[in-house]
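# Reading the structure
Each chain is listed here by its residues.
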Amino acid sequence: MPGPSGAVTRSTLRRQIADALRDEVLAGRLRPGQEFTVKEIAEQYGVSATPVREALVDLSAQGLLDTDHHRGFRVHEYSVADFRGMVEARALVTDGMFVALAEDHQALRLPDGQRLVAALSGVRRRGEEAQRAAVAGDLTVLIGYDLRYWRELAVLFGNPYLSDFLHRLRVQSWVCTVQHLRRLSDLRGALWSGHTELVDALARRDAPGARALVDAYNAHSLALIERLTGE
């Protein structure tokens, strides 16, 4: 039986492989429906099969992979209808966050004595980077900063379960849309870039303004994907 250090090493490797494969899916290098086996991934990364299998099971639990008992694993194929459901679920979560902001500021998880504006400063920096990437049409950079932005923002609202759920939804949303967005040769001006506006609205405790920005973002995202897919 491996000692504690061996277990920690395997757990770390498992997480690193899962993160690397998720990034491959988000980058579009692993495409929806693409199949692979544990052996192929283990050989690709030069590791044993056990942490690879565990990583793939983790990604399956997150809805990014499907298990095929005969062929191994395949990248999950999301539909436009799936995306509509994700956007609706995201809106329900963020609405709950904004209600907490407007009605019960004590629910926010702020360090003792720290004001909301200060707590949002780190989120705003992520938003500035995401916004620059969106304006430049750099999808890969945008996805990385966008996921960090929403994760750090959600953490402030005090419910780790909602934070984790929103993060999973946002990963799934990007996995669903990236295949369509990468068909465009130039994404400049096509991607939502209201990250800092949203932070500023939250810093003012302007819940209606924040909700309006997110509603506009969701409508923009849906319209873009529906146009690209013709659905």
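Predicted model, so just to flag it, every value in this text is computed and none were measured.

Scoring rules and cut-offs
Residues numbered from 1 in each chain as written. Predicted model: local features only at pLDDT ≥ 70, side-chain atom pairs only at ≥ 80, totals over all residues. Heavy atoms only, no water. Helix = DSSP H or I, 4+ residues; strand = E, 2+ residues; numbered from the N terminus. Expected span 1.5 Å × (residues − 1). Buried < 20%, exposed > 50% of the residue type's maximum accessible area, 1.4 Å probe, protein only. Pairing = 2+ DSSP bridges. Contact = heavy atoms within 4.5 Å. Axes fitted to C-alpha atoms, helices over the stretch in contact; angles between N-to-C directions. Polar contact = N/O pair within 3.5 Å; in protein donor to acceptor, adjacent residues only side chain to side chain. Parallel < 35°, antiparallel > 145°, perpendicular 65-115°, else oblique. Left-handed = near helix turned anticlockwise from the far one by under 90°. Nonpolar A, V, L, I, M, F, W, Y, C, P; charged D, E, K, R; others polar. Core = buried A, V, L, I, M, F, W, Y, C linked by side-chain atoms within 4.5 Å.

The first and last C-alpha atoms of helix α8 (residues 160–181) sit 30 Å apart over 22 residues, in line with the 32 Å expected at 1.5 Å per residue. The element α8 is extensively covered by neighbouring structure, given that 16 of its 22 residues are classed as buried.

A few words on the sheet that holds strand β2 (residues 65–68). Taken together, three strands build an open sheet; the order of strands is β1-β3-β2 and the sheet is antiparallel. Each edge of the open sheet carries a strand with a single partner, namely β1 (35–36) and β2. Sheet topology places β1 next to strand β3 (residues 72–75); two bridges connect them, and they run antiparallel. Looking at the pairing, Phe-36 lines up with Phe-73 of β3. The strands that helix α3 (residues 49–61) touches are β1, β2 and β3; relative to β2, the one it contacts most, it runs at about 120 degrees.

This next bit is on the side chain of Asn-218. Here Asn-218 is to be found in helix α10 (residues 207–229). On the basis of relative accessible area, Asn-218 is assigned to the buried category, the value being 6%. Looking at Asn-218, its side chain comes within polar contact range of the side chain of Arg-90, at 2.9 Å. Once residues lying within four places of it in the same chain are set aside, the contact partners of Asn-218 are Val-87, Arg-90 and Ala-91.

Between α8 and α10, the least distance of the axes is 10 Å, while the angle of their chain directions is 40 degrees. Considered as vectors, α8 and α10 are oriented oblique to each other. The crossing of α8 and α10 is left-handed. For the pair α8 and α10, the contacting residues are Arg-170, Thr-177, His-180 and Leu-181 in the first and Tyr-217, Leu-224, Ile-225, Leu-228 and Thr-229 in the second. When the residues that make up the contact of α8 with α10 are grouped by side-chain class, the tally is five nonpolar, three polar and one charged.

For helix α6 (residues 121–136), built from 16 residues, the straight-helix expectation of 22 Å at 1.5 Å per residue is met to within 8% by its first-to-last C-alpha distance of 23 Å. Packed against the buried residues of α6 are α5 (116–119), α7 (139–155) and α9 (195–203). With its phi angle positive at about 75 degrees, Gly-137 sits one or two positions after the end of α6.

Our focus in this paragraph is the nonpolar core. Buried together is how nonpolar side chains tend to be arranged in soluble globular proteins. One finds Phe-36, Leu-56, Leu-139, Leu-142, Trp-174 and Leu-181 to be the most contacted residues of the largest nonpolar core, which totals 45 residues. With seven residues, the single largest contributor to this core is α8. Residues contacting Leu-56, with those up to four places away along its chain left out, are Leu-21, Phe-36, Val-38, Leu-65 and Phe-73. Membership of the second largest hydrophobic core comes to 25 residues, among which are Leu-116, Leu-153, Leu-166 and Tyr-217.

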